[in-house]
Amino acid sequence: MPMPDWLSIRRDKQIPAEEAGLWEKCPSCGEVLYSKDVEANLSVCSKCGYHFRMHAYDRINSLVDDDFVEIGADILPGDPLGWVDKRPYPQKLEADREKSKLSEGIVTGLAAIEGFPVALGVMDFSFRGGTMGTVVGERVTNLFEEARRRRLPCIVFTASGGARMEEGMLALAQMAKTTQAVERFMNDGNFYMSVLTDPTTGGVSASFAFQADIIIAEARAAIGFAGRRVIEQTIRQKLPDNFQTAEFLLEKGHVDVVAPRPRIRETLVRMLDYAVDRRRILSVLKAVPEFALG
Amino acid sequence: MNLIVEREKSFEGLEQRIQELRSRGGADAGAQIQRLESSYEELRREIFGNLTPWERVNMARHPRRPLANDYIALFDQFDELHGDRHFRDDPALVAGFSKLRGRRLMLIAQQKGRDVKENIRRNFGMVSPEGYRKASRLMTLASRLRLPIVTLVDTPGADPGIGSEERAQSEAIAGCLTALSKAGVPVVATIIGEGGSGGALALALADWVIMPQHSIYSVASPEGCASILWGDASRAAEAAERLCLTSNDLERFGIVDEVIAEPLGGAHRDTPAFTATVIEEIDAALRRLEVQSPEQLRERRYEKYRRIGSWQEDARRGIASAAT
């Protein structure tokens with residue numbers, strides 16, 4: 001399978017976006033950072049450790065050994081409710097495509113990480129706040145069904161504001177759809193890890209994000225069910241700063257591991273090494289040569 | 001104040017006048033009563049015959065709308081079971097063994113209060129993680145004992161408090177969805193009032209979803225939606241128009257399998273008859289489903305939700321079926 005266009009584009013050092021902003025200011029410590037250094041450091045501030053949000057394809061690029069075979073890219077959003085608020089929904093989608101260089105809120109595909117063949121999904125907050133509409137639900141479901149068929153371990157990086165309002169109950173029902181697909185996948189003896197990144201809330205956190213066998217939270221990520229503002233409005237008081245952070249969740253016993261971004265990949269690999277019988281996976285993959293990876 | 005209650009108040013004068021004439025009797029009263037009654041009925045049809053989405057939101061939240069306990073009372077037997085075995089018993093979620101027409105089943109319901117005091121105890125029907133964990137515990141038990149699962153959904157949404165976050169609300173809801181995915185028994189859900197977001201769906205991943213005509217079922221509360229869109233919760237009525245949260249919309253999208261017509265003016269106009277009708281339909285659904293094997297039930301439930309979606313190739317049809 002040839003390398004997809006996006007991969008060659010993003011691996012090319014001549015990306016116009018990189019040229020445009022040579023310097024970035026860290027919103028946490030105010031340090032002015034050289035953009036290329038930030039990128040080389042996985043979008044983490046070298047001074048204070050602040051995690052900038054990461055583009056889904058940059059994330060994939062930083063994880064996979066070689067090629068990433070994208071699946072589900074042809075599943076694209078419609079406008080089932082004929083939604084209009086300040087702008088019609090299709091216009092919002094168009095603007096988000098432009099801004100995020102993504103076709104939807106998640107990228108899914110097959111790849112190898114440190115020689116381990118995996119099914120990989122990465123959500124991106126820059127597309128409709130990573131909200132789950134019918135396309136995200138369908139791509140996630142497809143990913144788990146493919147992983148189940150190939151008996152691959154599955155890894156999903158979450159970043160989401162919850163279910164997508166503009167698709168109404170069709171969006172909410174994706175919680176049911178994805179949960180079922182994950183349950184089937186896991187019930188067949190397959191291994192699933194989620195990596196919760198900033199922010200993971202609402203319908204995504206209450207479905208496939210928290211269903212995983214092993215849950216890893218990226219350092220400092222905001223993770224919860226209800227949004228911080230909603231809770232503050234309900235209880236009419238300010239919440240402590242660490243509330244709903246990855247570190248708070250670790251203390252409360254909701255996640256297995258908290259890791260800063262530079263250590264996420266090695267954490268995943270260590271877990272895969274315990275959980276996965278590599279020989280079994282490779283033998284299954286040999287039976288389907290067109291998808292033999294790694 | 002509730003919009004529907006306000007409308008009902010505007011009829012009080014007329015109702016009183018009719019009552020007075022009736023009790024006074026007399027030679028000319030009959031004709032007058034008839035005239036008043038027919039204009040009364042006409043007005044009611046005009047006001048309640050074609051409710052807007054926002055009016056339906058108010059109907060679903062009407063202080064006299066039948067609540068879970070009104071339905072539970074119609075089952076042959078009910079023995080409540082308590083607690084999540086870890087933290088506490090959540091009064092917003094009522095569950096236990098039950099019988100309907102002699103059939104054994106597991107009944108799981110969200111319970112709002114009828115007055116302020118009870119509503120505080122029931123947390124206005126907002127379920128905490130303990131409640132969802134009690135539910136998933138009993139769903140799993142039901143599946144093992146081969147008892148069908150009947151749920152009654154009525155919640156503004158899952159509880160959004162500090163304690164609920166500390167005790168992993170997300171994980172608790174996902175646990176219910178997982179338990180219902182696994183269940184090898186019929187699952188029948190009824191959205192009796194408010195179906196508020198993920199907190200409602202947690203009990204409604206079902207083989208058959210019943211929805212009374214004026215209940216609502218929504219991805220977000222109209223107030224929450226308005227606050228996100230325009231930073232102004234008071235524009236909830238506009239948000240309600242857009243969310244497609246009515247029974248007609250949801251039947252069209254395949255989210256709901258059966259809509260039950262309500263009496264003019266809403267279910268609370270005739271609670272005994274209406275709740276009995278709903279119970280009839282739950283019974284009928286169970287009868288249709290209980291002939292299926294556990295594998296069939298799981299497979300069909302999987303396919304039912306697998307098909308829900310809409311993407312570009314078939315957006316024109318409104319709902320779509322997956323290509324594979």
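Residues numbered from 1 in each chain as written. Chains lettered and ligands numbered in written order. Predicted model: local features only at pLDDT ≥ 70, side-chain atom pairs only at ≥ 80, totals over all residues. Heavy atoms only, no water.

*Asks:* Explain the packing of aromatic side chains to me, and be specific about the residues and the numbers.
*Replies:* Counted under the stated rule, the structure contains 7 aromatic pairs over all chains. Between F144 of chain A and F185 of chain A, the aromatic rings sit 5.3 Å apart at their centres with planes inclined by 80°, giving edge-to-face as the arrangement. Taken as a pair, F144 of chain A in helix α6 (residues 134-150) and F185 of chain A in helix α7 (residues 168-187) lie far apart in primary sequence, 41 residues in all. Looking at F185 of chain A, the relative accessible area reads 0%, which means it is buried. Ring geometry for F11 of chain B against F48 of chain B: centres 6.1 Å apart, planes inclined by 35°, an arrangement best described as tilted. Taken together, the residues span a long stretch of sequence, with F11 of chain B in helix α1 (residues 3-24) and F48 of chain B in helix α2 (residues 29-48) at a distance of 37 residues. With respect to class, F11 of chain B is no different from F48 of chain B; both count as buried. Through successive ring pairs, a cluster of aromatic residues spans F144, F185 and Y192 of chain A. Lying across the ring of F125 of chain A, R53 of chain A places its NZ or CZ 4.2 Å from the centre. In this structure, R235 of chain B is placed above the aromatic ring of W230 of chain B, and the distance from its NZ or CZ to the ring centre is 4.4 Å. (Phe/Tyr/Trp six-rings, centres within 6.5 Å; stacked < 30°, edge-to-face > 60°. Helix = DSSP H or I, 4+ residues; strand = E, 2+ residues; numbered from the N terminus. Buried < 20%, exposed > 50% of the residue type's maximum accessible area, 1.4 Å probe, protein only. Lys NZ or Arg CZ within 6 Å of the ring centre and 35° of its normal.)

*Asks:* Describe the environment of W23 of chain A, with residues and values.
*Replies:* Residues and elements named next belong to chain A. Among the structural elements, W23 can be located in strand β1 (residues 23-25). Linking W23 and V38, residues 15 residues apart in sequence, is a C-alpha distance of 9.1 Å. Not counting residues up to four positions away in its chain, the partners in contact with W23 are V32, L33, Y34 and S35. (Contact = heavy atoms within 4.5 Å.)

*Asks:* Please give an account of the confidence of the model for chain A that cites residues and values.
*Replies:* Averaged over all residues, the pLDDT of chain A is 90; the fraction at 70 or higher stands at 88%. The low-confidence segment residues 1-16 of chain A (pLDDT under 50) makes 24 contacts with residues lying over four places distant or belonging to another chain. (pLDDT = per-residue confidence, 0-100.)

*Asks:* Can you break down the pairing of strand β2 (residues 93-100) of chain B residue by residue, with the values?
*Replies:* Residue and element names in this part refer to chain B. Burial analysis of β2 places 6 of its 8 residues in the buried class, the great majority of the element. One ladder, built from 5 bridges, connects strand β1 (residues 77-81) with β2; its direction is antiparallel. Each bridged residue has a counterpart across the sheet, and for L81 the counterpart in β2 is A95. Two elements, β2 and strand β3 (residues 103-110), share 8 bridges in a ladder whose sense is antiparallel. Within β3, the position partnered with A95 by the bridge is I108. (Pairing = 2+ DSSP bridges.)

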